[in-house]
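What follows is the residue order along each chain.
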Amino acid sequence: MNVRVAVFATCYNDLMWPQTVKAVVRLLRRLGCEVEFPLGQTCCGQMFTNTGYADAALPALRTFTAAFEGYDAVVAPSGSCVGSVRHQHRALAARSGDVRLQEKVDTIVPHVYEFSEFLVDVLGVTDVGAWFPHRVTYHPTCHSLRLLRVGDRPRRLLEAVRGIDLVDLPQADQCCGFGGTFAVKNADTSVAMGADKVRAVRETGAEVLVAGDNSCLAHIGGLMSRQHGGVRVLHLAEVLTSTRGGAG
């Protein structure tokens, strides 16, 4: 399928987990997409909007529309940031009073996809030819589960991976406690929720915890690393680019 796709890295992936973004690019190209990485992209503005600084988010919104206008699809490996684009950008544009900005947002938003959504719904694939011979459990992050309603798409992609031993995560729909600035403002509660999630992960006997948001994986992984439990965390995109020969 000849689809012109722009990859939206998201600011935290670009800064801290660039390997995830590279995995997205590799897989989309392997599946026949014409992939571009707009260099003008920065942040979606979620960190400002979620903490009540809507006006401060407007420059980020303008940058976003300038970077991603004109593509068939915009794909991001983050349910959180895609949720922000879909559910906050129109309100921000309306707040600005800039009619042209509102028109741009209305044009772009319907073409913004979370990574697993794009693979399953647009490209129509679940088996991407991956091979990952490990015991894996999957955590459905809150924004992907509740805001985007990606449903079982990530799990369907994982089930098609060769060699994988995919096990259910107890109380999978429970929040890990990260929540962006929530983890900073309510640290004790965040850590307690994270501890519950870690306990559930350990019950599965999994070697690897997979999710579609690196922010949640960082929170859970950080807690697990302090317990020296040996469970590693990995973004869904990195599992899907794993092949028998080890090449992405």
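Before reading on, note that the structure itself is shown above.
All chains use their own residue numbering, which begins from 1 and follows the written sequence. Restriction of local features to residues with pLDDT of at least 70 applies here, the model being predicted, together with a cutoff of 80 or more for giving and counting side-chain atom pairs; totals for whole chains, interfaces and linings are based on all residues. The side-chain figures draw on all heavy atoms in the structure; neither hydrogens nor water molecules are used.

Caption draft 1: Focus on the packing of aromatic side chains. Ring geometry is summarised as follows: Phe, Tyr and Trp rings, the Trp one being its six-membered ring, pair when their centres sit within 6.5 Å, and such pairs are stacked at plane angles under 30 degrees, edge-to-face over 60 and tilted between the two. Summed over all chains, the structure comprises five aromatic pairs. Judged by centre distance (5.9 Å) and plane angle (85°), the rings of Tyr12 and Trp17 are edge-to-face. We call a residue buried when its accessible area falls under 20% of the maximum for its residue type, exposed when it is over 50%, and partly exposed in between, using a 1.4 Å probe and counting protein chains only. Note on Trp17: relative accessible area 17%, which makes it buried. Taking the centre distance of 4.7 Å and the plane angle of 45° together, the rings of Phe64 and Phe68 count as tilted. Here the residue Phe64 and the residue Phe68 both occupy positions in helix H4 (residues 54-68), the gap between them amounting to four residues, near one helical turn. On the basis of relative accessibility, which here comes to 3%, the residue Phe64 falls in the buried class. In DSSP terms, a helix is any run of H or I states spanning at least four residues, a strand is any run of E spanning at least two, and both are numbered starting from the N terminus.

Caption draft 2: Region of the structure containing the nonpolar core. One finds Leu28, Phe115, Phe118 and Leu240 to be the most contacted residues of the largest nonpolar core, which totals 37 residues. Of all elements in the fold, only strand E1 (4-7), helix H2 (18-30), strand E3 (73-76), helix H7 (115-122), strand E5 (135-138), helix H9 (153-159), strand E7 (208-211) and helix H13 (236-240) reach the threshold of two or more residues within this core. It is H2 that contributes the most residues to this core, six residues altogether. The contact criterion used throughout is that any non-hydrogen atoms of two residues lie within 4.5 Å. Discounting residues that sit within four places of it in the chain, Phe115 has contacts with Val24, Leu27, Val75, Ala76, Pro77, Leu236, Ala237 and Leu240. Among the nonpolar cores identified, the runner-up in size contains 27 residues, and Ala6, Leu61, Ile108 and Val112 belong to it. We call a set of buried Ala, Val, Leu, Ile, Met, Phe, Trp, Tyr and Cys residues a nonpolar core when their side-chain atoms join them within 4.5 Å.

Caption draft 3: Region of the structure containing the side chain of Thr204. Relative to the assigned elements, Thr204 resides in helix H11 (residues 187-204). Taking the relative accessible area as the measure of exposure, Thr204 reaches 8% and is therefore buried. For this analysis, a polar contact is any N or O atom pair within 3.5 Å, provided that within protein one partner can donate a hydrogen and the other can accept it, and provided that sequence-adjacent residues contribute only side-chain to side-chain pairs. At a separation of 2.6 Å, a polar atom in the side chain of Thr204 contacts the main-chain carbonyl oxygen of Val201. A distance of 3.1 Å separates the side chain of Thr204 from the backbone nitrogen of Ala206, its partner in a polar contact.

Caption draft 4: Structural detail: the packing of H4 against helix H5 (residues 79-96). A fitted line through C-alpha atoms represents every axis, and for helices the fit uses only the stretch in contact; the resulting angles, taken between N-to-C directions, go from 0 to 180 degrees. One can describe the packing of H4 onto H5 by two numbers: an axis separation of 10 Å at closest approach and a directional angle of 105°. The angle between the axes of H4 and H5 places the two elements in the roughly perpendicular class. Taking contact as the criterion, the partners of Ala54, Asp55, Ala57, Leu58, Leu61, Arg62 and Phe64 in H4 are, on H5, Val85, His89, Leu92, Ala93, Arg95 and Ser96. A per-class count over the contact of H4 with H5 returns eight nonpolar, two polar and three charged. Angle categories are assigned with fixed cut-offs, so that under 35 degrees is roughly parallel, over 145 is roughly antiparallel, 65 to 115 is roughly perpendicular, and the rest are oblique. When residue character is reported, Ala, Val, Leu, Ile, Met, Phe, Trp, Tyr, Cys and Pro are called nonpolar, Asp, Glu, Lys and Arg charged, and the others, Gly included, polar.

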